[in-house]
Amino acid sequence: MRIDNKVIKVLLIEDDPDHAFLFQEILKAEKAASVSITHSDRLSSALERLSYEQFDIIVSDLGLPDSRGIETYLRIHAGFPDIPVIVLTGMDDEDLALKAVQGGAQDYLVKGSVEGDLLIRSMRYAIERQKMIAQLEKNLKEIKTLRGLIPMCAWCRNIRDDKGYWLKVERYIEEHTDAAFSHGICPRCMKKFHPELHEKILKDELIKKDPGVIPEDETTKHYGPIKVLLIEDDPGDADYIRALLSGKTGRLDVIYADRLSSGIEHLAKEKFTVVISDLGLPDSQGIETFIRIHTLYPDLPVIVLTGLHDEELAMRAVRSGAQDYLVKGQLDESSLLKTISYSVERQKLMTTLENRLREIGKLGRERKNILSMFAHDIKNAIIPSLGFLARILSGKSRNSTADLESIREQLTTAEHLLTTFIDFSRFETEEYKPLIAQFDLEAALIKQVEGLKRQADLKKLKISYSFSQKPFPLIKADGAMINRVIANLLDNAIKYTAEGIININILKVDNDVLLQVQDSGIGIPEDQLPHIFDAFYRATHEISGSGLGLSIAKTIVESHGGQIWVKSTPGKGSTFSFTLPQEK
């Protein structure tokens, strides 16, 4: 693909002669780049042209005589996935254009709002983005095949990084990707290097899958908060450990097995909190013992028992995933209980951390996508204003007053989005502290309702409010911020209610003031309720918004020592409620 001083070859697909002519004239007048334009007024003729001629970029309308809607983009992209596509859209087709962008189009431009430098910049960015995507896909393929990209030592399998340092495979991949490692042995390696152990694990798995085939020993059924499986073939050591734990009746229950096979049978039938196992058993010796337990139950903490001369073996088990090890002959009640408690807590922490890391990775990806959408929302608000302004300045405006009003509305939307985002950033970094003063909640609410009357009247909605007592007592609060919370809840109620009524109630409940906003709108699905106050979360993308309003409201209310929550039934409406401490 050619950019900068080279000619940019553009394929324009547009059936409207006026728009096509205007597009070409705009590019001809732009001195910052050299552009060659080929025009097609049908998708069929454009696809035919693409089959024998190379282009740097495609700019296409979605509504053509032989193709309508998202199908137009999909047909182009399916046939020529490596060529960047910019979608042209009318003022009322932006949702359709956005779907094309979500499907892989590089950008979209609103007809009548395009200037030369904006158009050139959009095309250049689209070409560069496509090059980056292509390079990324190429690199990913090379990483997957490990050919010609990662220098690896033929002997020790270490990898040389970009700075010349030799790293272990795990460290290299962890530093260059989002992956993390949890060590184990894959079935293939197990079968290759430890065939006997592999066969034993297969048998263990059969027991795990079908514990009913094992006769149950009624004498080993115990119940308690912490359930310990002790696997030890030496009767003296086993009795000593059980004696140390026997004084903790009510806290610990110990089930005993003298073979690994019988221990695995117990694990298949019952749930345990922790396993304490010797590594030298009649039916399993050395590290194999731990591996067989850990392979079947990786989330169950295992403590290894070892003799005075077997600590190196025990450490190998710890490095392979055991939570701790205990040396026989050096045990006492305190150290044993401490080791059990710490092992259980460490395993819980590790499980929670792993789940949290996965969640953070997911949230990070979601946040990047939503921030991109947020930037697009701001762009959508500004670009039409530039078009209207250019039309006024060039003297081509037929109604400058109407155009100026459109500019004002679009810039107000952009200003609101930016202000919301800045406020959210301030709240998230914990800089916000309420400026507490006397606040007249009753007067503030009445003023908010009056301000939204016109908006409600347009949808034929009725807004009613009531107070449990009049005049309502003053409270201590940050008036500007509480006003913001009320405005957000009322705006959402109007936005998501097609018809009906919005009820607002202010009550005194113990030492709190309770404010409720109840609507008869579309409601919120049950699975979305836990996320409704999350930053950037939108219950629906059919109605525009930043996805930050409720998150900010939650921060404001909680900073005042209050609480905010929602109850909702899909199709019937929602009730948002929050409390504030009343003036004492």
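For the structure, see preceding data.
Described in the following lines is the structure provided in the data block. (Residues numbered from 1 in each chain as written. Predicted model: local features only at pLDDT ≥ 70, side-chain atom pairs only at ≥ 80, totals over all residues. Heavy atoms only, no water.)

1. As for helix α9 (residues 235-246)
The end-to-end C-alpha distance of α9 is 16 Å, a good match for the 16 Å that 12 residues give at a rise of 1.5 Å each. Turning to α9, its buried residues are Ala238, Ile241, Leu244 and Leu245. Along the axis of α9, the buried residues cluster in a sector spanning 125°; they form a single face. Sitting at the amino-terminal end of α9 is Asp234, which places a side-chain oxygen 2.8 Å from the backbone nitrogen of Gly236. (Helix = DSSP H or I, 4+ residues; strand = E, 2+ residues; numbered from the N terminus. Expected span 1.5 Å × (residues − 1). Buried < 20%, exposed > 50% of the residue type's maximum accessible area, 1.4 Å probe, protein only. Arc of directions from axis to C-beta. Polar contact = N/O pair within 3.5 Å; in protein donor to acceptor, adjacent residues only side chain to side chain.)

2. Overview of the nonpolar core
Side chains of nonpolar character tend, in soluble globular proteins, to be buried together. Ranked by size, the top nonpolar core spans 41 residues in total, and within it Leu441 and Phe578 carry the most contacts. Once residues lying within four places of it in the same chain are set aside, the contact partners of Phe578 are Val485, Ile486, Leu489, Val513, Leu514, Leu515, Val557, Gln563, Ile564 and Trp565. (Core = buried A, V, L, I, M, F, W, Y, C linked by side-chain atoms within 4.5 Å. Contact = heavy atoms within 4.5 Å.)

3. Describing the sheet that holds strand β5 (residues 107-110)
Taken in spatial order, the five strands of this open sheet run β2-β1-β3-β4-β5, and their pairing is parallel. Edge positions in the open sheet fall to β2 (35-40) and β5, since each of these has one partner strand only. Here the average twist between neighbouring strands, direction ignored, is 20°. Taken together, the four bridges between strand β1 (residues 8-13) and strand β3 (residues 57-61) define a ladder with parallel strand orientation. (Pairing = 2+ DSSP bridges. Axes fitted to C-alpha atoms, helices over the stretch in contact; angles between N-to-C directions.)

4. Observations concerning the environment of Ala390
Assignment of secondary structure puts Ala390 in helix α13 (residues 333-393). In sequence terms Ala390 and Val114 are 276 residues apart; their C-alpha atoms lie 9.1 Å from each other.

5. Notes on the pairing of strand β8 (residues 226-231)
Where burial is concerned, most of β8 is hidden: six out of the six residues are buried. In this structure, β8 lies alongside strand β10 (residues 274-278), joined through four bridges in parallel fashion. Of the residues in β10, the one forming a bridge with Val228 is Val274.

6. Some points on the packing of aromatic side chains
Per the counting criterion, the structure on display carries three aromatic pairs. Considering the side-chain rings of Tyr465 and Phe467, the 5.9 Å spacing of their centres and the 70° angle between planes classify their relative orientation as edge-to-face. Note on Tyr465: relative accessible area 34%, which makes it partly exposed. Given the relative accessible area of 14%, Phe467 is considered buried. Taking the centre distance of 6.2 Å and the plane angle of 50° together, the rings of Phe467 and Phe472 count as tilted. An identical accessibility class is assigned to Phe467 and Phe472; each is buried. Put simply, the rings of Tyr465, Phe467 and Phe472 touch in pairs and so form one group of aromatic residues. (Phe/Tyr/Trp six-rings, centres within 6.5 Å; stacked < 30°, edge-to-face > 60°.)

7. Concerning unusual backbone geometry
In the segment running from Lys470 into Pro471, the intervening peptide bond is cis, with an omega of -10°. We note that Lys460 has phi near 60°; this positive angle belongs to a residue other than glycine. Following the sequence through the fold, Lys460 ends up in the loop between α16 (453-458) and β14 (461-467). With a phi angle near 55°, Asp510 is a residue other than glycine that sits in the positive phi range. One can find Asp510 in the loop between β16 (500-509) and β17 (512-518). Exposure remark for Asp510: the relative accessible area of 67% places this residue in the exposed category.

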